[in-house]
Structure formats: C-alpha cells, structure tokens
Amino acid sequence: MQRLLACLDVSHYSQTVCEHAAWAAMRLNASVELLHVIQRNDARSELDGAGLAAKPGLLDEVMALKAAEGRLAERQGQLLIEAALDQLRARGVTDIELSLREGGIVETIAEREAFSDMTIIGKRGAQADFAKGHLGSKVERVIRQSRKPVLVATRVFRAPQRIAIAFDGGPSSRLAVDYVSTSMLFGGLDIDVVLVGGYTDGNAAHIDWAQTRFTGRAGVKVLQREGNPDAVLPQVIRERGIDLLVMGAYGHSPLRNMLVGSTTTQMIRAGQTSVLLFR
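Criteria and thresholds
Residues numbered from 1 in each chain as written. Predicted model: local features only at pLDDT ≥ 70, side-chain atom pairs only at ≥ 80, totals over all residues. Heavy atoms only, no water. Helix = DSSP H or I, 4+ residues; strand = E, 2+ residues; numbered from the N terminus. Buried < 20%, exposed > 50% of the residue type's maximum accessible area, 1.4 Å probe, protein only. Areas by Shrake-Rupley, 256 points an atom, 1.4 Å probe, with all protein chains shown as cover. pLDDT = per-residue confidence, 0-100. Contact = heavy atoms within 4.5 Å. Phe/Tyr/Trp six-rings, centres within 6.5 Å; stacked < 30°, edge-to-face > 60°. Salt bridge = Lys/Arg side-chain N within 4 Å of Asp/Glu carboxyl O. Polar contact = N/O pair within 3.5 Å; in protein donor to acceptor, adjacent residues only side chain to side chain. Pairing = 2+ DSSP bridges. Axes fitted to C-alpha atoms, helices over the stretch in contact; angles between N-to-C directions. Expected span 1.5 Å × (residues − 1). Core = buried A, V, L, I, M, F, W, Y, C linked by side-chain atoms within 4.5 Å.

Moving on, we come to the overall build of the chain. For the chain, the count of helices and strands is 10 helices and 10 strands. Evaluated residue by residue, the chain yields a buried proportion of 47% over its 279 residues. As presented, the chain carries roughly 13,900 Å² of accessible surface, and 51% of it is formed by carbon and sulfur atoms.

For the chain, the mean per-residue pLDDT works out to 85, and 81% of the residues sit at or above 70. Ranking the helices and strands of the chain by mean pLDDT puts strand β1 (residues 3-8) first, with 97, and helix α9 (residues 254-260) last, with 38. In the predicted structure, residues 129-135 sits below a pLDDT of 50 and forms 17 contacts with residues beyond four places in sequence or in another chain. Predicted confidence is poor over residues 252-261, with pLDDT under 50, and the contacts of this stretch with residues over four places away or in other chains come to five contacts.

On to the packing of aromatic side chains. Tallied over the full model, the rule gives three aromatic pairs. Ring plane angle 10 degrees and centroid distance 5.8 Å describe the contact between Phe167 and Trp209, whose orientation is recorded as stacked. Taken as a pair, Phe167 in the loop between β6 (162-166) and α6 (171-182) and Trp209 in helix α7 (residues 201-213) lie far apart in primary sequence, 42 residues in all. What makes Trp209 partly exposed here is its relative accessible area of 22%.

This paragraph deals with the pattern of salt bridges. One pass over the full model with this rule turns up 13 salt bridges. With a closest N to O distance of 3.1 Å, Glu140 and Arg144 form a salt bridge. With Glu140 and Arg144 both in helix α5 (residues 137-145) and four residues apart, the pair spans about one turn of that helix. Here Asp190 ties to Arg162 by a salt bridge, and the two come within 3.6 Å at their closest N and O atoms.

In this section: the side chain of Ser183. Take Ser183: it is sitting in the loop between α6 and β7 (190-196). At 3.0 Å, the side chain of Ser183 and the backbone nitrogen of Leu185 are in polar contact.

What follows covers the pairing of strand β9 (residues 244-248). The buried fraction of β9 amounts to five of the five residues, a majority that puts the element mostly inside the structure. As paired strands, β6 and β9 are joined by four bridges and run parallel to one another. Bridge pairing links Ala164 to Leu245 in β9. Sheet analysis places β9 next to strand β10 (residues 274-278), joined by five bridges and oriented parallel. Note that in β10 the partner of Gly248 across the bridge is Phe278.

Attention shifts here to the environment of Ala204. Within the secondary structure layout, Ala204 lies in helix α7. Considering only alpha carbons, one finds Ala204 and Gly169, 35 residues apart in sequence, at a separation of 10.0 Å.

Taken in spatial order, the 10 strands make up an open sheet running β3-β2-β1-β4-β5-β10-β9-β6-β7-β8, and their pairing is mixed. Strand pairing shows two members of the sheet lacking a second neighbour, β3 (96-102) and β8 (220-225), which therefore form its edges. Strand-to-strand twist of the sheet, defined as the mean angle between neighbouring strand axes without regard to direction, takes the value 20 degrees. Pairing analysis gives six bridges linking β7 to β8, with the strands arranged parallel. When the bridges of β8 are listed, Leu195 appears paired with Gln224.

A separate point is α6. Between its first and last C-alpha atoms α6 spans 17 Å; for 12 residues at 1.5 Å apiece the expected length is 16 Å, and the two agree. Those residues of α6 that sit buried are Ser172, Ser173, Ala176, Val177, Tyr179, Val180 and Ser181.

Now for the nonpolar core. Where a protein is soluble and globular, its nonpolar side chains tend to be buried together. In this structure, Leu34, Phe186 and Val246 are the most contacted members of the largest nonpolar core, which totals 45 residues. Of the residues forming this core, the biggest block, eight residues, is contributed by helix α1 (residues 13-28). When residues no more than four places from it in sequence are discounted, the contact partners of Phe186 are Arg27, Ile163, Tyr179, Val180, Arg217, Leu244, Val246 and Leu276. Ile109, Ile121, Val142 and Leu223 belong to the second-largest nonpolar core, a separate cluster that totals 28 residues.

Structure, rendered in structure tokens:
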C-alpha cells in the first residue's frame, strides 16, 4: 500500500492539504500520515543574543512563559491534526496516522518522507501568509531536499480532471512522465505533455519518447510551444483548463537559481494551479 505524508501547519493551507491528500489517497488506495511539527526555541540562547541573560530572575520568567507557549502550541497541534483526521474520514479515507512532532520542520519532514511515497505541503507556510505570491523558505527547502514526489497545494482545491506535464526531456521531467503514465493517480484523466522550445531534432526525439510512454492511451495530447517557459506554461494552463501541473524541480544549477530564479519557483509562486514536483 502506498503512503502519503500530509504536512499541516496553522496556515489556511492545512484544509487544502487535507483535500489534496484525500483525493490522492482515494485514487491510490493509500494511507495518510498527518504531520504537524512544533518548533521549540531555546530561551537562554534568545536572552544571550539580546544581551539579557545575566539579568536576575529574567531567565526563570522567560522559561515559564516558554513552557506556557509550549503547552499552547502542543494543544493547538492536537486540535489541528484531529480536525484534519475528521476531514479525511469524511472523504472516505480510513487508514490514517497522526504525528505530532517537535523539532525543525524541514528536518522532520525529511525524516518522515523516508516512510512515504509522496509529500503534500501547502504553497506557503504560516509565516508567509501575509505576503501574497511569496514562496515560504521552508516550503522551498522541503522541495529541494526531497527525494520523493512533492505535491504543492494551492489555497483552493479543485479535483484534477486535466493535467499538464512540463516536459523538457531532462531526467526529472522524464521521471514525471513515467510516473504519470503508470500511476493510478492519473487514471482516466486528460493529460497534456507540454514541451517549450524550438523545433529541433533533439526536441523531436524528446516528443517521440514521451509519446511512446502513452501508447494506446486516450486523452493524451502533446503540445510544443516556442517561448519562455515562465510565460508559456501559465498560458497553457489558462487555455487548456489545467487543474494540476506536473514538472521537474529545480533543473538548473543552484547558482543560476539564486541569481535569476527558476521556472519551478515561478510556477509555484505565481500559478493558481497545484504543482506535483519530481527530482
């Protein structure tokens, strides 16, 4: 049985993470682990950083406040995953594990991902809700370190009927094509394979390869468009009514990403469509 890791926080994205997890679990007959991570800050380190650690009685007072905050965070986490449990059960998912952990968010997700087949996370975390269009740094770090498919959920869930695969012939995009062509998650859905680039022998070979992966399957269309992927992919999504974009994650060098960004970040940050990513 496949296993999904649904990552929850106190942002508005927890509900749509649950909706995406329920959709995937029902199609894959998969179990779901609901994960919420409580972060702890060291009171002494904070006071040292502020130059206040030597003030009499201050550390004890701060420690008491931290303990109260910890109890509140733990109770909040319990309520969050219990509500998510009810949400999944209402959608027919029965095999569910609840995980309330302490530690670093990225590190804990990496640990639990080892026991899962796919990670589902909100487009932005709780601390990034104030900035529309901003991709939370922890979300990007999760995507970069993940070795399993990562489904980045938008704020509004729409059960996918038509998906698009952003295909450039590279290893991660071929992995995406292989997954879509064989997974029950996409059975019966309309699929557009989109290659952005000129009409070269190399691109023709890429298209031929992709078409062989869907031989005999109805509802699959291969599109080739010239232009910049950052502009072409959103246009295809609008024109074709795409509900889910599947693509490779961060295919360029880390230095180039740092200097000019990447299509991956652009499609998650600016797009209105959930994105399933492969590395």
